[in-house]
Amino acid sequence: MTNTMWGGRFAGSPAAIMEEINASIGFDKRLWRQDIQASKAHVAMLGATGILTAKEASTIARGLDKVAAEIEAGQFDFKPELEDIHLNIESRLAELIGPVAGKLHTARSRNDQVATDFRLYVRDEIDAILHLIAGLQLALGNKAEAHAATVMPGFTHLQTAQAITFGHHCLAYVEMLARDRGRFEGARKRLNECPLGAAALAGTGFPIDRNATAEALGFARPAANSLDAVSDRDFALETLAAACIAAMHLSRLAEEMVLWTSPQFGFARLSDRYTTGSSIMPQKRNPDAAELVRAKLGRIAGAFQALLMVMKGLPLAYAKDMQEDKEPVFDALDALKLGLAAMTGMVQDLEPDAAAMAEAAAKGFSTATDLADWLVRELGLPFREAHHATGRIVALAESKGCGLADLSLADLQSVEPRLTKGVFSVLEVENSVKSRTSYGGTAPSRVRAEAKRWIKRLEKDAPRDRKKVKGPGSRP
């Protein structure tokens with residue numbers, strides 16, 4: 001049996017494997033809200049322009065509402081033989097209101113229909129992701145404010161570099177996530193053009209009002225070129241690219257949580273809510289949530305590459321290859337939302353061990369740069385000379401098995417005779433941290449002020465119940 005929606009040209013039925021490879025309803029059914037939303041805007045325009053009568057347009061709109069109610073209630077029978085969400089909805093609409101349902105497809109094609117639905121979907125997902133990113137930023141901002149003066153070691157090459165505060169470390173991720181939000185906001189702005197009315201690829205001879213449908217669907221404007229409108233998937237690629245970078249940031253933070261909560265570091269603890277045990281080793285507390293967030297980047301980056309490979313060789317305009325655009329986007333954005341929600345929970349749950357971090361910060365000669373700066377500031381040495389002298393003092397402390405602050409004045413003067421007891425003011429970790437008052441520095445006063453600024457800015461954007469940040473919702 002041929003498909004009643006398009007089978008007039010065909011005398012025979014497709015092979016079973018053809019039906020299987022051609023059908024997308026198994027995954028594109030999640031576009032049902034956007035499909036009905038776009039169809040209602042389209043039929044309202046058809047009625048307003050006189051292409052359909054007011055009665056026809058009203059009948060179709062009421063029928064679409066009934067279809068939406070059935071899907072919402074879980075009472076809709078999705079049929080693989082009808083290929084996709086568009087034909088499934090149109091078929092059920094015909095069952096409910098009769099042949100007038102066929103007039104819904106006047107002046108449009110499945111090409112501009114799916115392009116519109118997909119843009120609406122990605123736009124909705126971006127809005128949800130922006131909300132979740134703001135929630136994670138707020139959790140980090142609150143943690144930063146609470147730990148503005150909690151000293152910890154800062155690392156380069158994973159070697160102790162200089163002492164910083166835990167609050168300063170948290171704010172670094174707030175800044176990263178702010179850039180992520182900017183990328184998603186930029187992608188949203190660029191995708192916000194309406195393909196509806198481009199029809200198959202060349203536009204339509206019907207006197208449609210594309211501005212009306214664009215406005216009804218919240219788009220900034222109609223897409224200007226009908227070929228580009230139906231064949232463009234840049235909006236999906238750009239969103240996936242932004243998702244890749246955001247997931248990379250989550251992965252970096254997740255990796256640090258794995259390190260911090262290990263016995264070797266002992267910097268922080270996650271509660272039972274975000275850890276698991278071992279089936280054989282009863283002492284284990286595994287940071288599985290962090291590890292899984294770290295792993296999400298793989299599938300998100302894979303989704304970006306998959307869609308890039310789908311699109312790279314396609315001539316204009318639409319090709320069936322583009323049916324492969326949705327699954328990677330659905331999967332990647334679901335994974336990112338879940339990762340954001342999980343990371344927000346972990347940040348809120350994380351309990352830093354201030355004593356352990358302070359002890360670690362005092363090791364590794366983290367105030368060596370402060371010593372070199374003191375030599376420059378107080379003795380007028382060129383920095384390279386001060387650097388060399390400090391290196392010799394570090395070597396001396398290392399040979400004695402002690403920290404810089406544990407050396408005697410005589411020890412220090414054996415390397416640089418002009419040193420005075422005033423140098424000890426910069427060899428204590430807490431003083432080192434307090435001295436970093438430059439803009440963007442780690443001084444507690446700076447961190448506290450910056451955390452407050454971010455919290456004030458974010459509270460309007462983040463989920464109100466910060467302990468119940470939700471990931472991707474279920475869809476039929």
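What counts, and where the lines are drawn
- Residues numbered from 1 in each chain as written.
- Predicted model: local features only at pLDDT ≥ 70, side-chain atom pairs only at ≥ 80, totals over all residues.
- Heavy atoms only, no water.
- Helix = DSSP H or I, 4+ residues; strand = E, 2+ residues; numbered from the N terminus.
- Rg over C-alpha atoms; globule rule 2.2 N^0.38 Å.
- Buried < 20%, exposed > 50% of the residue type's maximum accessible area, 1.4 Å probe, protein only.
- Contact = heavy atoms within 4.5 Å.
- Lys, Arg positive; Asp, Glu negative; His and termini not counted.
- Charge placed at Lys NZ, Arg CZ, Asp CG, Glu CD.
- Phe/Tyr/Trp six-rings, centres within 6.5 Å; stacked < 30°, edge-to-face > 60°.
- Lys NZ or Arg CZ within 6 Å of the ring centre and 35° of its normal.
- Polar contact = N/O pair within 3.5 Å; in protein donor to acceptor, adjacent residues only side chain to side chain.
- Salt bridge = Lys/Arg side-chain N within 4 Å of Asp/Glu carboxyl O.
- 1 Å grid on protein atoms, 1.4 Å probe; cavity = no way out; pocket = protein on both sides within 12 Å on 5 of 7 lines; lining within 4 Å.
- Points joined across faces, edges and corners; volume = space filled by probe spheres on them.
- Nonpolar A, V, L, I, M, F, W, Y, C, P; charged D, E, K, R; others polar.
- Core = buried A, V, L, I, M, F, W, Y, C linked by side-chain atoms within 4.5 Å.
- Expected span 1.5 Å × (residues − 1).
- Pairing = 2+ DSSP bridges.

It is worth spelling out the overall build of the chain at this point. Summing up its helical and strand segments, the chain has 18 helices and 6 strands in all. Taken over C-alpha atoms, the radius of gyration comes to 30 Å for the chain, far larger than the 23 Å a tight globule of 476 residues would show. By principal-axis analysis of the C-alpha atoms, the chain measures approximately 100 × 55 × 40 Å. Residues classed as buried in the chain amount to 49% of the 476 residues present. In the chain, of all internal contacts separated by at least 6 residues, the share reaching a separation of at least 24 is 75%. Averaging the locations of the 59 positively and 59 negatively charged side chains of the chain gives two centres separated by 4 Å.

Right, let's talk about the packing of aromatic side chains for a bit. Enumeration according to the criterion identifies 7 aromatic pairs in this entry. Centroid distance Phe-76 to Phe-78: 4.8 Å. Interplanar angle 55 degrees. Geometry classified as tilted. Their ring planes at 80 degrees and their centres at 5.2 Å tell us that Phe-265 and Phe-267 sit as a pair that is edge-to-face. A residue is classified by how much of its surface remains accessible, and Phe-267, at 4% relative accessible area, is buried. The rings of Phe-118, Tyr-121, Phe-235 and Phe-330 are connected pair by pair, giving a single aromatic cluster. In this structure, Arg-123 is placed above the aromatic ring of Phe-219, and the distance from its NZ or CZ to the ring centre is 4.8 Å.

Attention now goes to the side chain of Glu-70. When you line up the elements, Glu-70 lands in helix α4 (residues 54-72). The exposure class assigned to Glu-70 is buried, which follows from its relative accessible area of 15%. Only 2.7 Å separates the side chain of Glu-70 from the side chain of Arg-92, close enough to count as a polar contact. Setting aside residues no more than four positions away along its own chain, Glu-70 makes contact with Gln-75, Phe-76, Arg-92 and Leu-96.

Bringing the side chain of Thr-213 into the picture now. Here Thr-213 shows up in helix α8 (residues 210-216). Taking relative accessible area as the criterion, Thr-213 reaches 2% and is therefore assigned buried. Within the structure, the side chain of Thr-213 is placed 3.0 Å from the backbone oxygen of Arg-210, a separation counted as a polar contact. Setting aside residues up to four positions removed in sequence, Thr-213 forms contacts with Ala-41, His-42, Met-45 and Leu-196.

For the structure shown, the criterion picks out 29 salt bridges. Residue Asp-370 is joined to Arg-436 by a salt bridge in which the shortest nitrogen-to-oxygen separation is 2.8 Å. In this pair, Asp-370 is assigned in helix α14 (residues 368-379) and Arg-436 in the loop between α17 (429-435) and α18 (444-458), connecting sequence segments 66 residues apart. Exposure remark for Arg-436: the relative accessible area of 21% places this residue in the partly exposed category. Here Glu-416 and Arg-418 are joined by a salt bridge, their closest N and O atoms 2.9 Å apart. Judged by its relative accessible area of 45%, Arg-418 falls in the partly exposed class. A single network of salt bridges, built from pairs that share partners, joins Arg-30, Glu-125, Asp-334 and Lys-337.

On to empty space enclosed by the protein, then. Throughout the structure, instances matching the rule amount to 2 cavities of 30 Å³ or more. Approximately 60 Å³ is the volume found for the largest cavity. If you go around the largest cavity, the residues you meet are Leu-140, Lys-143, Phe-166, Cys-170, Leu-253, Met-257, Trp-260, Val-347 and Leu-350. Among the elements that take part in the lining of the largest cavity, helix α10 (residues 234-260) stands out by supplying 3 residues, more than any other. Each residue belonging to the lining of the largest cavity can be placed in one class, and the counts come to 8 nonpolar, no polar and 1 charged. Roughly 30 Å³ of internal volume is contained in the second largest cavity. Taken together, Ala-247, Leu-250, Val-293, Lys-296, Ile-300, Ala-335, Leu-336 and Gly-339 make up the lining of the second largest cavity. Those elements that provide at least two residues to the lining of the second largest cavity are α10, α11 (288-311) and α12 (326-349).

Our next topic: the nonpolar core. Residues Ile-60, Leu-140, Phe-184, Leu-336 and Met-343 are the most contacted members of the largest nonpolar core, which totals 98 residues. Among the elements that make up this core, the one with the highest residue count is α10 (15 residues). Discounting residues that sit within four places of it in the chain, Phe-184 has contacts with Ile-126, Ile-129, Leu-130, Ile-133, Thr-239, Ala-242, Ala-243, Ala-246 and Leu-336. The next biggest cluster of nonpolar side chains, apart from the first, holds 20 residues, and it includes Leu-375, Leu-381, Leu-404 and Val-423.

The next thing to look at is α14. End to end, α14 covers 16 Å across 12 residues, agreeing with the expected 16 Å (1.5 Å per residue, within 8%). Among the residues of α14, those classed as buried are Ala-368, Asp-370, Leu-371, Ala-372, Trp-374 and Leu-375. Against the buried residues of α14 lie α15 (383-400) and α17. Trailing α14 by a residue or two, Gly-380 shows a phi angle of about 75 degrees, which is positive.

Time to look at the pairing of strand β2 (residues 159-165). Bridge count for strand β1 (residues 151-156) against β2 is 6 bridges, and the pairing is antiparallel. Each bridged residue has a counterpart across the sheet, and for Gly-154 the counterpart in β2 is Gln-162. Where β1 folds back onto β2 in an antiparallel hairpin, the turn is made up of 2 residues, including His-157, whose phi is positive at roughly 60 degrees.

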